[in-house]
Amino acid sequence: MASKQMQNQVASMRESLFKQGFLDEQFIQLEDLEDASNPNFVEEVCTVFFRDSLRQMTNIEQALQISPFDFTRLDDHMHHFKGSSSSIGAAKVKYQATLFREYCRDENAEGVRRAFEQMKKDLATLKKKVETYFQLIRQVGPTHTAGRPK
């Protein structure tokens, strides 16, 4: 059985992911789909997202190496990535994806580069934080029940 201290640590870590703007309401909706028959649903969805995001980011990086930029192609790539980010509630990543797409529409190459670099940083930070969060949940065990952030 997990200690009350560890349960509090999980709750605090989860709350900080929301307060720092890394996650949004969509993550809570994923948690609502988790039940006794699929207790690791959210972790599995996030794992698939991070694995697929690596491929998507590589495609975008390759497209960014072609000069001049094909803004339509870049926007198409980012459209898919933004949808994936949105589906897990990755708020900061989704925000940068939105900026990236706006810069594509404006054909602002420097803005596209800046948004992409920030998105990569936000994605790496989110991945590290979420992996730590799920690791702690596994330690706490099934006594943990998610609640909505304050």
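Computed from a predicted structure; not experimentally measured.

Parameters and conventions
- Residues numbered from 1 in each chain as written.
- Predicted model: local features only at pLDDT ≥ 70, side-chain atom pairs only at ≥ 80, totals over all residues.
- Heavy atoms only, no water.
- Helix = DSSP H or I, 4+ residues; strand = E, 2+ residues; numbered from the N terminus.
- Buried < 20%, exposed > 50% of the residue type's maximum accessible area, 1.4 Å probe, protein only.
- Core = buried A, V, L, I, M, F, W, Y, C linked by side-chain atoms within 4.5 Å.
- Contact = heavy atoms within 4.5 Å.
- UniProt positions renumbered as here; feature names shortened; annotations may be inferred.
- Salt bridge = Lys/Arg side-chain N within 4 Å of Asp/Glu carboxyl O.

Draft legend 1. Structural view of the environment of lysine 121. Examined against the element boundaries, lysine 121 turns out to sit in helix α6 (residues 109–140). Under the relative-accessibility criterion, lysine 121 is labelled exposed at 53%.

Draft legend 2. Representation of the nonpolar core in the model. Formed by 40 residues in total, the largest nonpolar core has its most connected members in Leu74, Phe81 and Phe100. Taken together, the elements giving at least two residues each to this core come down to α1 (4–19), α2 (25–32), α3 (41–64), α4 (71–88), α5 (91–105) and α6. Excluding residues within four positions of it along the chain, phenylalanine 81 makes contact with Phe49, Ser53, Gln56, Met57, Ile60, Val93, Met119 and Leu123.

Draft legend 3. Summary view of the environment of leucine 17. For leucine 17, the location among the structural elements is in helix α1. Measuring from C-alpha to C-alpha, the distance between leucine 17 and alanine 90 comes to 9.8 Å, with 73 residues separating the pair along the chain. Setting aside its immediate chain neighbours within four residues, leucine 17 contacts Phe22, Leu23, Lys129 and Tyr133.

Draft legend 4. Main features of the UniProt feature "domain: HPt" (unreviewed entry) in the protein chain. The sites that carry the UniProt feature "domain: HPt" (unreviewed entry) are, in the present numbering, residues 38–133. Structurally, residues 38–133 comprises 85% helix and 0% strand, and the distance from its first C-alpha atom to its last is 18 Å.

Draft legend 5. Just the UniProt feature "modified residue: Phosphohistidine" (unreviewed entry) in the protein chain, in detail. Look at the UniProt record and you will see "modified residue: Phosphohistidine" (unreviewed entry) annotated at His79. For histidine 79, the location among the structural elements is in helix α4.

Draft legend 6. The arrangement of unusual backbone geometry in detail. The omega torsion of the bond from serine 67 to proline 68 falls at -5°, within 30 degrees of zero and hence cis. The topology assignment puts proline 68 in the loop between α3 and α4. At glutamate 107, a position not held by glycine, the phi torsion is positive, near 55°. Tracing the sequence through the fold places glutamate 107 in the loop between α5 and α6.

Draft legend 7. The arrangement of the pattern of salt bridges in detail. Throughout the structure, instances matching the rule amount to 10 salt bridges. Note that glutamate 15 and lysine 19 form a salt bridge whose closest N and O atoms lie 2.9 Å from each other. Here glutamate 15 and its partner lysine 19 are both found in helix α1, four residues apart, which amounts to about one turn of the helix. According to the relative accessible area criterion, glutamate 15 is buried, its value standing at 18%. Given a relative accessible area of 63%, lysine 19 falls into the exposed group. Residue glutamate 131 pairs with lysine 127 through a salt bridge whose shortest N-O separation is 2.7 Å. Of this pair, glutamate 131 and lysine 127 both sit in helix α6, four residues apart, which is roughly one turn of that helix. Its relative accessible area of 41% is what places glutamate 131 among the partly exposed residues. Residues joined by salt bridges that share partners form a network here, namely Glu61, Glu117 and Lys120.

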